[in-house]
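A look at the structure
Residue-level listing of the chains:
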Amino acid sequence: EKGGFPSFMDKEIHDQPQAVADTLLGRMDPSGRLVLDEMRIDESLLKSIDKIIVIACGTAAYAGQVAKYAIEHWCRIPVEVELAHEFRYRDPIVTEKTLVVAISQSGETMDTIMAVRHARQQGAKVIAICNTFGSTIPRESDAALYTHAGPEIAVASTKAFLSQIVACYLLGLYLAQLRGNKFQDEIRMILGELQQIPAKIQRILDETAQQVTDLAIAQKDTESVLFLGRHVGYPVAMEGALKLKELAYIHAEGFAAGELKHGPIALIDEGKLVFIVVPSKRGRDSLHAKVVSNIQEVRARGARTVVIAEEGDEEVRAYASDVIYVPASPTLMAPLLTTVPLQIFAMELATVKGLDVDQPRNLAKSVTVE
Ligand code: F6R
């Protein structure tokens, strides 16, 4: 059932092209219009929402953080992303015009269930983005948009994360279509870009995984790793750090690269391993330049810099100890690619340390207690 892979996690990393493709499948009509049959919320209500709050935990919350950039950009609706367990213990401003999006692979995360209940009590409509058909969160929500990643067995989430991002993007495009924020041909173009992602993930698996594995083996005695990113690369950095903590039990932190000089740069010393997720240069030149200067800053202080960049980006080479190239894609699509080497790095580092990558210590696949 591991399909010949040494672990479920390894299999699920390799399932990702299919998981993304399946999550996109059947959601467009022949004219290129997005149809989300499951979206059983009154269209006039969806047109009138003035705020979106994403609630989730862990990796699912990072998917929400990625989606915030896309949904705000496409729909011009403010999006807040909040950890489910924090959301319910404050006094959140939730009205009938708030759309709450609950993201959960298992659909059974108690913190998220309680947040869904809290939101609905206050009159919000809740859409669940979930991978487990018929589980509690979609059952208790007003509508469900399923990710079709297939069963995720390994405790650490991989293919569910990418599918959650894709599902959130579908939701964002659907809202943009409904509200007339975007022209149909623009939406079709973005969907077309999403459809190219599975083949690009496959190329990373085929062409880049070995380089990442070798790096993990060489770094097996590392005690602390930092991850930096900006824009959508920021939640990717946090996801990379979470994977490493969970699987390899080493200290890891993800930062917004711009935050470095406000404190974290003090952590940099000789040989410190730092991953930097670099945005595409096309279209967002200033963002790219800022991240390049962040690489320089840590490199000048002795860090070993592992740069995740787009193919063809030669500029980063000068400051990189290692460059891991991923296929070119529009900025908003990049997390679906840049996350993959970070997943592989964490898995391989744990493997070389002799750890159980499918069942890390102290963790359970679904956290059904608060
Ligand atoms: C990380 C991980 C957890 C889950 C979190 C939410 O690899 O698996 O952080 O993402 O516990 O779980 P779900 O998505 O089932 O609500």
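Quick notes on the rules
- Residues numbered from 1 in each chain as written.
- Predicted model: local features only at pLDDT ≥ 70, side-chain atom pairs only at ≥ 80, totals over all residues.
- Heavy atoms only, no water.
- Axes fitted to C-alpha atoms, helices over the stretch in contact; angles between N-to-C directions.
- Helix = DSSP H or I, 4+ residues; strand = E, 2+ residues; numbered from the N terminus.
- Parallel < 35°, antiparallel > 145°, perpendicular 65-115°, else oblique.
- Contact = heavy atoms within 4.5 Å.
- Nonpolar A, V, L, I, M, F, W, Y, C, P; charged D, E, K, R; others polar.
- Buried < 20%, exposed > 50% of the residue type's maximum accessible area, 1.4 Å probe, protein only.
- Arc of directions from axis to C-beta.
- Phe/Tyr/Trp six-rings, centres within 6.5 Å; stacked < 30°, edge-to-face > 60°.
- Lys NZ or Arg CZ within 6 Å of the ring centre and 35° of its normal.
- Near = heavy atom within 4 Å.
- Polar contact = N/O pair within 3.5 Å; in protein donor to acceptor, adjacent residues only side chain to side chain.
- Pairing = 2+ DSSP bridges.

A short note on the packing of helix 8 (residues 159-179) against helix 14 (residues 335-352)
With their axes 10 Å apart at the nearest point, helix 8 and helix 14 run at an angle of 170 degrees to one another. Taken together, the axes of helix 8 and helix 14 are roughly antiparallel relative to one another. Residues F161, L162, I165 and V166 of helix 8 touch helix 14, and the partners they reach there are P335, L336, T339 and V340. For the contact of helix 8 with helix 14, the residue count by class is 7 nonpolar, 1 polar and no charged.

Looking at helix 2 (residues 16-24)
All of the buried residues along helix 2 are Q16, P17, A19, V20, T23 and L24. An end-on view of helix 2 places all buried positions within 165 degrees of arc, on one side of the element. The inward-facing, buried residues of helix 2 contact helix 1 (8-14), helix 8, helix 9 (184-195), helix 10 (197-207) and helix 14. A positive backbone phi angle near 70 degrees is found at G26, which sits one or two residues after helix 2.

Points about unusual backbone geometry
Even without glycine at this site, R76 takes up a positive phi of about 55 degrees. Even without a glycine there, the phi angle at N362 is positive, about 65 degrees. Position of N362 relative to the elements: it lies in the segment after helix 14. Under the relative-accessibility criterion, N362 is labelled exposed at 75%.

Quick word on the packing of aromatic side chains
Scanning all chains against the criterion turns up 4 aromatic pairs. Ring geometry for F133 and Y146: centres 4.9 Å apart, planes at 40 degrees, overall tilted. Taken together, the residues F133 in the loop between strand 4 (125-130) and helix 7 (136-140) and Y146 in strand 5 (residues 143-146) connect sequence positions 13 residues apart. Here F133 falls in the exposed class, since its relative accessible area comes to 72%. Through a chain of ring-to-ring contacts, three or more aromatic side chains come together here, namely F227, F275 and F345. A cation sits over an aromatic face here: R361 above Y249, 3.9 Å from the ring centre.

What to know about the site of the ligand
Around the ligand sit 13 residues in total, of which S104, Q105, S106, T109 and E246 are the nearest. In this structure, S106 approaches the ligand through a side-chain N or O atom, which is 2.6 Å from an oxygen atom. Taking S157, its main chain carries an N or O atom lying 2.9 Å from an oxygen atom of the ligand. Every element with two or more residues in the shell around the ligand is listed here: helix 4 (58-75) and helix 12 (233-248).

With respect to the sheet that holds strand 7 (residues 251-256)
The strand order across the open sheet built from 5 strands is 7-6-8-9-10, with neighbouring strands paired in parallel fashion. Across the chains shown, the open sheet's two edge strands, defined by having one partner strand only, are strand 7 and strand 10 (322-326). Strand-to-strand twist across the sheet, computed as the mean angle between neighbouring axes with direction ignored, equals 20 degrees. The sheet contact formed by strand 9 (residues 304-310) and strand 10 spans 5 bridges and is parallel. Within strand 10, the position partnered with I308 by the bridge is I324. Contacting strand 6 (224-229), strand 7 and strand 8 (273-277), helix 12 runs over the sheet at an angle of about 175 degrees to strand 7.

Quick word on the sheet that holds strand 4
The strand order 2-1-3-4-5 describes an open sheet built from 5 strands, whose pairing is parallel. Every other strand in the sheet has two partners, leaving strand 2 (79-83) and strand 5 as the edge strands with one partner each. Mean inter-strand twist for the sheet, computed between neighbouring axes without regard to direction, equals 20 degrees. Direction of pairing for strand 3 (residues 98-104) relative to strand 4: parallel, over a ladder of 6 bridges. Following the sheet pairing, L99 is matched in strand 4 by K125. Contacting strand 1 (51-56), strand 2 and strand 3, helix 4 crosses the sheet at an angle of about 175 degrees to strand 2.

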